[in-house]
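Summary of structural features
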Amino acid sequence: MADRSWPDDWNERMAGRECPMCAAVGRGDNHFGVEVFRGQFAEVHLERRTRLPGYCVVVWKHEHVAEPTDLDPARACGYWMEVLAVGCAVRARFHPLKINYMTLGNTVPHLHTHVVARYRDDPAPGGPLAWDQIQAADPAPDADLHRQAADLRALLSRG
Ligand SMILES: [Zn+2]
């Protein structure tokens with residue numbers, strides 16, 4: 001193993017101290033993504049810098065929660081139903097070969113799920129993607145992102 005370790009402030013992060021996702025919720029577009037949709041349980045952004053068009057991040061939009069198991073069953077169901085709705089919309093709009101749902105939180109432990117579209121020419125066919133394979137250095141053009149976000153929003157609003 002490399003000399004990696006969990007951050008010294010991990011327990012505080014888990015408890016929501018200075019959580020960047022709590023700070024970003026409800027504030028619309030940001031450096032990382034374009035807002036797609038605000039649901040009852042989660043909000044959705046389309047990532048600006050990715051090699052995989054349609055890559056969305058779904059974020060629990062209420063109080064700080066680290067683990068989905070911290071939600072009561074009704075709220076947990078609501079969250080996952082909204083994640084699945086995003087998967088349906090990404091599938092309908094981008095026609096990927098496969099969608100990966102990644103609920104990790106190993107850096108920012110606020111409940112969120114990466115909905116990642118996989119394509120025939122993607123960087124890791126048949127296996128999981130590493131972060132540097134998902135991300136791109138440069139953002140997609142703003143006009144493209146806003147058009148894609150509007151298409152996804154229309155699909156999600158049909159609900
Ligand atoms: Zn948080």
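The notes below deal with the structure included here. (Residues numbered from 1 in each chain as written. Predicted model: local features only at pLDDT ≥ 70, side-chain atom pairs only at ≥ 80, totals over all residues. Heavy atoms only, no water.)

Looking only at helices and strands, the protein chain features five helices and five strands. For the protein chain, the succession of helices and strands along the chain, N to C, is α-α-β-β-β-α-β-β-α-α. Expected size for 159 residues packed as a compact globule is a radius of gyration near 15 Å; at 16 Å, the protein chain falls within 12% of this value. By residue count, 42% of the 159 residues in the protein chain fall in the buried class. Within the protein chain, counting contacts between residues at least 6 apart in sequence, those at least 24 apart form 56% of the total. When the accessible surface of the protein chain is summed, it comes to about 9300 Å², and 53% of that surface belongs to carbon and sulfur atoms. Of the side chains in the protein chain, 18 bear a positive and 21 a negative charge, and the two mean positions are spaced by 7 Å. (Helix = DSSP H or I, 4+ residues; strand = E, 2+ residues; numbered from the N terminus. Rg over C-alpha atoms; globule rule 2.2 N^0.38 Å. Buried < 20%, exposed > 50% of the residue type's maximum accessible area, 1.4 Å probe, protein only. Contact = heavy atoms within 4.5 Å. Areas by Shrake-Rupley, 256 points an atom, 1.4 Å probe, with all protein chains shown as cover. Lys, Arg positive; Asp, Glu negative; His and termini not counted. Charge placed at Lys NZ, Arg CZ, Asp CG, Glu CD.)

In an ideal tetrahedron of four donors about a metal, each angle is 109.5 degrees. In an ideal octahedron of six donors, the angles are 90 or 180 degrees. Around the zinc ion, the donor atoms from the protein are Cys-19 (SG), Cys-22 (SG), His-64 (ND1) and His-110 (ND1), and they sit 2.1 to 2.3 Å away. The coordination sphere of the zinc ion comprises four donor atoms, whose angles at the metal cover 106 to 115°; the geometry is tetrahedral. (Donors = N, O, S within 2.8 Å, 3.2 Å for Na, K, Ca; no water. Tetrahedral: all angles 85-135°; square planar, octahedral: opposite > 155°, others 65-115°.)

With that settled, consider the pattern of salt bridges. The full count for this structure, using the stated rule, is seven salt bridges. Residues Arg-13 and Asp-9 are paired through a salt bridge, measuring 2.9 Å at the closest nitrogen-oxygen approach. The closest approach of N and O atoms between Glu-35 and Arg-38, which form a salt bridge, is 2.8 Å. A relative accessible area of 17% places Glu-35 in the buried class. Residue classification places Arg-38 among the partly exposed residues on the basis of a relative accessible area of 41%. (Salt bridge = Lys/Arg side-chain N within 4 Å of Asp/Glu carboxyl O.)

Further remarks concern helix α5 (residues 142–158). When the terminal C-alpha atoms of α5 are compared, their 24 Å separation across 17 residues agrees well with the 24 Å that a helix rising 1.5 Å per residue should span. For α5, the complete set of buried residues consists of Leu-145, Gln-148, Ala-149, Leu-152 and Leu-156. An end-on view of α5 places all buried positions within 100° of arc, on one side of the element. Residues of α5 that are exposed and angled more than 90 degrees away from the buried face: Ala-143, Ser-157 and Arg-158. (Expected span 1.5 Å × (residues − 1). Arc of directions from axis to C-beta.)

With antiparallel pairing, five strands are arranged side by side in an open sheet as β1-β2-β3-β5-β4. Each having just a single partner strand, β1 (33–38) and β4 (98–102) make up the two edges of the open sheet. Sheet twist, expressed as the mean angle between neighbouring strand axes with direction ignored, is 25°. As judged from the five bridges shared by strand β2 (residues 42–47) and strand β3 (residues 56–60), these two strands associate in the antiparallel manner. Across the sheet, the residue bridging to Glu-43 is Val-59, located in β3. Sitting on the sheet, helix α3 (residues 73–94) is in contact with β2, β3, β4 and β5 (112–118), with an inclination near 20° to β5. Docked against the sheet, α5 engages β1, β2 and β3, running at close to 15° with respect to β1. (Pairing = 2+ DSSP bridges. Axes fitted to C-alpha atoms, helices over the stretch in contact; angles between N-to-C directions.)

Read these as geometric descriptors, not functional statements.
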